[in-house]
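Spelled out from the first residue to the last, the chains are:
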Amino acid sequence: MNYASIKSCDIANGPGVRVSLFVSGCTHHCKDCFNAEAWDFNYGEPFTDEVMDKLLRLLAPDYVRGITYLGGEPFDPRNQEGLLLLSRKIREHLPEKSIWAFTGYVYGGNLPIVPDVTDELLSALDVLVDGPFIAAQKNLSLRFRGSSNQRLIDMKKTRAAGEVILWDEAQ
Ligand code: SF4
């Protein structure tokens, strides 16, 4: 996996101060994409052990609430394994931090399932923001998403209940 960029202090992509990881590669090719240079899976830098260690260091301070995975497409089959390796490290060393991920795929719909990877990656997430941005459903008043078809899915509650439960936005 390659990644395009890291933000160490992001307040736009989830609650609180967060670290954001923008992975490279996306096949959705949405009209008006804000990040078209990252469609290329070779864009940016290789996602090495050193990069993971750097992310853990950035996440460590008390004022950082968690990390958010964006793209590109975090759930492209080519990107899931790298994010799983990172998620395991975060759960092992910094279990109190929340993990959010954005995807243009639909959970329970066309989200690609990679054997021995996807299920564990989903289980590591606190919130999955799913679905493509649809300009006709654009709504600027929504938190952390651009169009009303996109969902903030509480993954812990969803997996426990066996049905989609949305994240409580009052948090
Ligand atoms: S899913 Fe995101 S990165 Fe991919 S084309 Fe659409 S807006 Fe761009």
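About the cut-offs
- Throughout, residues of each chain are indexed from 1 in the direction in which the sequence is written.
- Only residues with pLDDT of 70 or above have their local features reported here, since the model is predicted, and side-chain atom pairs are shown and tallied only from 80 upward, although totals for entire chains, interfaces and linings are computed over all residues.
- Heavy atoms throughout the structure, all of them, feed into the side-chain values; hydrogens and water do not.
- The criterion for an aromatic pair is that two Phe, Tyr or Trp rings (for Trp, the six-membered ring) have centres within 6.5 Å, with stacked assigned to planes under 30 degrees apart, edge-to-face to planes over 60 apart and tilted to the rest.
- By definition, any uninterrupted DSSP run of H or I lasting at least four residues is a helix, any uninterrupted run of E lasting at least two residues is a strand, and each is numbered from the N terminus.
- Accessibility here uses a 1.4 Å probe with only protein chains present; expressed as a share of the type maximum, an area under 20% marks a residue as buried, one over 50% as exposed, and anything in between as partly exposed.
- Definition used: whenever NZ (Lys) or CZ (Arg) falls within 6 Å of the ring centre and also within 35 degrees of the ring normal, the charge is taken to sit over that ring.
- Strands are treated as partners if at least two bridges between them are detected by DSSP.
- Two residues qualify as a contact provided that any one of their heavy atoms is within 4.5 Å of a heavy atom in the partner residue.
- To get an axis, fit a line to the C-alpha atoms, keeping to the stretch in contact for a helix; angles then go from 0 to 180 degrees between the N-to-C directions.
- Take the residue count of a helix, subtract one, and multiply by 1.5 Å to get its expected span.
- Counted as a polar contact is a pair of N or O atoms within 3.5 Å, where, for protein atoms, one must be capable of donating a hydrogen and the other of accepting one, and residues adjacent in sequence contribute only when both atoms are in side chains.
- Whether a residue is near a molecule or strand depends on its heavy atoms: it is near if one of them lies within 4 Å of it.
- Amino acids are sorted into nonpolar (Ala, Val, Leu, Ile, Met, Phe, Trp, Tyr, Cys and Pro), charged (Asp, Glu, Lys and Arg) and polar (every other residue, Gly among them).

### Some remarks on the packing of aromatic side chains
Reasoning step 1: For the coordinates displayed, the defined rule picks out four aromatic pairs.
Reasoning step 2: Here tyrosine 3 and phenylalanine 47 contribute two aromatic rings whose centre-to-centre distance is 6.1 Å and whose plane-to-plane angle is 75 degrees, an arrangement assigned as edge-to-face. Separated by 44 residues along the polypeptide, tyrosine 3 in strand β1 (residues 2-10) and phenylalanine 47 in the loop between β3 (45-46) and α1 (49-59) bring together distant segments of the chain. Taken as a pair, tyrosine 3 and phenylalanine 47 share a single burial class, namely buried.
Reasoning step 3: Pairing tryptophan 100 with phenylalanine 144 gives two aromatic rings, centres 5.4 Å apart and planes at 85 degrees, and the pair type is edge-to-face. With tryptophan 100 in strand β5 (residues 98-102) and phenylalanine 144 in the loop between β6 (127-130) and β7 (151-154), this pair connects stretches of sequence that are 44 residues apart. Here tryptophan 100 matches phenylalanine 144 in class, with each residue buried.
Reasoning step 4: Among the aromatic residues, those joined into a cluster by ring pairs are Trp100, Phe144 and Trp167.
Reasoning step 5: When the ring centre of phenylalanine 41 is taken as reference, the NZ or CZ atom of arginine 78 above it lies at 3.7 Å.

### Quick notes on the sheet that holds β3
Reasoning step 1: Spatial strand order, β3-β1-β2-β4-β5-β6-β7: seven strands in an open sheet with mixed pairing. Edge positions in the sheet fall to β3 and β7, since each of these pairs with one other strand and no more.
Reasoning step 2: Bridging between β6 and β7 involves four bridges; their strand directions are antiparallel. Within β7, the residue paired with aspartate 130 across the bridge is arginine 151.
Reasoning step 3: Taken strand by strand, helix α2 (residues 77-93) contacts β2 (17-23), β4 (64-70) and β5, and its axis lies near 170 degrees from that of β4.

### Structural notes on α2
Reasoning step 1: Look at α2: 25 Å from first C-alpha to last across 17 residues, which is about the 24 Å you get at 1.5 Å a residue.
Reasoning step 2: Of all the positions in α2, only Asn79, Gln80, Gly82, Leu83, Leu84, Leu86, Ser87 and Ile90 are classed as buried.
Reasoning step 3: Contact partners of the buried residues in α2: β2, α1, β4, β5 and α3 (118-124).
Reasoning step 4: If you check the start of α2, you find a side-chain oxygen 2.8 Å away from the backbone N of arginine 78, and it comes from aspartate 76.

### Examining the site of the ligand
Reasoning step 1: If you check the shell around the ligand, you find Cys26, His28, His29, Cys30, Cys33, Phe34, Trp39 and Gly72 and nothing else.
Reasoning step 2: The residue makeup of the shell around the ligand, split by class, is five nonpolar, three polar and no charged.

The values are spatial; any link to function lies outside them.
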